[in-house]
Amino acid sequence: MTSILNRRRCLILGSAAAIGSTLPWPTLESLTRFRAGQSDGVHSGIGKHPTHSIIPVVGDGKWIWREPPKDATGYLEPRLFEVRVGVQASGKLEATDFLAATVAPSSWPEQEILDHRFETDGCEATLQVLSDTASQVVVSAKRIAAGQTILGQAIFKIRATKSYFGYQRERFPIEQRVSRNVAKDWLGDSPGIETKLAALRKIIAATTAESTHPWDKARAFHAWVFEHIRGVPGDYTSVKRALESRRGDCEERAGVFVALCRACGIPARLVWVPNHAWAEFMLLDEADQPHWIPAHTAAYSWFGWTGAHEIVLQKGDRIHQNGPDKKVRLILDWWRCGGIKPKIEFIASVTPLADNGADPGPGGRIKQPDGKWALSGSHPDNKHLRS
């Protein structure tokens with residue numbers, strides 16, 4: 001079927017008239033004022049999106065590759081998943097003009113959205129495309145009465161694959177032409193990913209002094225991150241802090257790799273999945289065709305391939321959200337309302353589905369109130385997966 005997530009337009013399903021009809025989208029300034037305890041009669045807040053995963057995973061050879069296949073390339077071993085994302089809110093007293101948003105998966109070559117639908121109770125839910133690489137579900141309700149619980153969620157059926165294309169340096173010319181649009185999106189700074197640090201220049205000089213090929217540079221940066229940035233779980237700080245402390249979780253390690261690539265002219269971006277993050281860098285082949293090449297800098301050490309079925313929540317790290325001039329690294333769980341703040345929960349789950357009677361496999365996950373994703377289900381091979 002035609003892609004349901006056309007990334008170049010905003011897809012609205014349901015009545016958009018109620019969204020923001022009274023309250024505008026918040027700005028980062030208003031959220032800062034909220035956290036500081038200032039009030040203008042409107043309540044707002046943001047949630048967390050943990051990406052803590054630093055523990056190496058031992059591949060079982062089936063659900064997680066120990067090494068790439070020797071006789072096949074492409075997007076391989078498809079599996080079906082149901083993914084639910086949405087918002088639930090329970091009124092303590094009356095709340096008005098409730099508006100909330102949470103990240104939603106998008107279609108990618110390795111992740112095909114086969115179908116989607118909405119479930120709503122007492123509210124409306126829409127799907128909003130924020131960029132070519134990111135989408136969110138928006139839930140709205142004009143009124144939440146005392147004792148009332150509303151629920152708005154999107155349910156996606158997704159076919160996810162592993163990927164291996166046998167990338168080698170010889171496939172890519174030494175001279176890479178970076179277009180203006182690519183440079184605008186995938187070079188330069190992002191929130192928390194600084195690319196003009198003196199520390200980056202020193203690392204580039206030390207690791208790539210004799211390297212002229214961009215593939216060799218990216219490989220050197222991948223190895224440097226594993227050797228020099230110690231894996232420690234925690235909330236994201238920045239590339240600058242990670243280089244100063246030489247520690248960070250998967251998002252910081254991926255961020256350092258992205259910053260190193262961008263600092264020497266190689267386009268790169270973050271990839272965000274439940275409780276984990278890695279990086280992709282882009283090279284043009286001899287026919288000037290772009291290839292986004294994965295580089296896993298925590299939990300897995302894969303370079304050039306992806307050996308597990310992961311649900312991609314977002315690619316990129318410079319997303320416009322909460323206003324036309326505001327950028328975030330990762331999409332925020334966000335809410336805003338008038339009246340009395342309800343109890344709010346951002347809900348999400350990933351459930352493997354049986355395909356023609358086959359074993360659905362491990363990998364069920366459910367989002368916790370603190371934003372972390374916990375393994376769910378009782379599949380015996382869950383033991384091979386990161387938490």
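Residues numbered from 1 in each chain as written. Predicted model: local features only at pLDDT ≥ 70, side-chain atom pairs only at ≥ 80, totals over all residues. Heavy atoms only, no water.

Draft legend 1. Representation of the side chain of His309. Its location among the elements puts His309 in the loop between strand E13 (305-306) and strand E14 (314-315). Given the relative accessible area of 13%, His309 is considered buried. Sequence-distant contacts of His309, defined by excluding residues within four places in its chain, comprise Trp63, Leu76, Glu77, Arg79, Phe81, Ala160, Thr161 and Lys162. (Helix = DSSP H or I, 4+ residues; strand = E, 2+ residues; numbered from the N terminus. Buried < 20%, exposed > 50% of the residue type's maximum accessible area, 1.4 Å probe, protein only. Contact = heavy atoms within 4.5 Å.)

Draft legend 2. How the structure looks around the packing of helix H4 (residues 214-228) against helix H6 (residues 250-263). Between H4 and H6, the shortest axis-to-axis distance is 10 Å and the interhelical angle comes to 150°. Regarding the angle of H4 to H6, the classification is roughly antiparallel. Both H4 and H6 take part in a crossing whose hand is right-handed. Residues Ala218, Phe221, His222, Trp224, Val225 and Phe226 of H4 pack against Arg253, Val256, Phe257, Leu260 and Cys261 of H6. Among the residues making up the contact of H4 with H6, the classes are represented as 9 nonpolar, 1 polar and 1 charged. (Axes fitted to C-alpha atoms, helices over the stretch in contact; angles between N-to-C directions. Parallel < 35°, antiparallel > 145°, perpendicular 65-115°, else oblique. Left-handed = near helix turned anticlockwise from the far one by under 90°. Nonpolar A, V, L, I, M, F, W, Y, C, P; charged D, E, K, R; others polar.)

Draft legend 3. Examining the pattern of salt bridges more closely. Taken as a whole and judged by the stated rule, the model has 21 salt bridges. Of the charged contacts, one joins Asp235 and Lys48 as a salt bridge, the two residues approaching to 3.6 Å between their closest N and O atoms. One end of the pair, Asp235, is in the loop between strand E8 (230-231) and helix H5 (239-245); the other, Lys48, is in the loop between strand E1 (42-46) and strand E2 (74-90), and 187 residues separate them in sequence. Note on Asp235: relative accessible area 48%, which makes it partly exposed. Within this structure, Glu82, Arg84, Arg117 and Glu119 form a network of salt bridges that share partners. (Salt bridge = Lys/Arg side-chain N within 4 Å of Asp/Glu carboxyl O.)

Draft legend 4. Geometry of the sheet that holds strand E5 (residues 124-131). Pairing in this open sheet of 5 strands is antiparallel, and the strands run E1-E17-E3-E6-E5 from one edge to the other. Looking along the sheet, the strands with just one partner apiece sit at the ends: E1 and E5. Adjacent strand axes in the sheet meet at a mean angle of 15°, parallel and antiparallel pairs treated alike. Looking at chain direction, E1 and strand E17 (residues 334-339) are connected through 5 bridges and run antiparallel. Residue pairing across strands places Gly45 opposite Trp335, the latter belonging to E17. (Pairing = 2+ DSSP bridges.)

Draft legend 5. Summary view of the nonpolar core. Counting residues in each nonpolar core, the largest one holds 39 residues, and the members touching the most others are Val83, Val85, Phe98 and Phe156. Mapped by element, the contributors of at least two residues to this core are E2, strand E3 (95-104), E5, strand E6 (134-144), strand E7 (149-164), E17 and strand E18 (343-353). Excluding residues that lie within four positions of it along the chain, Val83 makes contacts with Pro105, Ala154, Ile155, Phe156, Ile158, Ile311, Ser349 and Val350. Listed in part, the 33 residues of the second largest apolar core include Ile203, Val225, Phe257 and Phe303. (Core = buried A, V, L, I, M, F, W, Y, C linked by side-chain atoms within 4.5 Å.)

Draft legend 6. Quick look at the sheet that holds strand E10 (residues 268-273). Spatial strand order, E12-E11-E10-E14: 4 strands in an open sheet with antiparallel pairing. Since the sheet does not close on itself, it has two edges, and those belong to strand E12 (290-295) and E14, each with one partner. In terms of strand pairing, E10 meets E14 through 2 bridges, oriented antiparallel. Residue pairing in the sheet places Val271 in a bridge with Lys315 of E14. The strands touched by H6 within the sheet are E10, strand E11 (276-284) and E12, with E11 carrying the most contacts at an inclination of about 15°.

It is worth stressing that arrangement in space is one thing and function is another; only the former is reported here.
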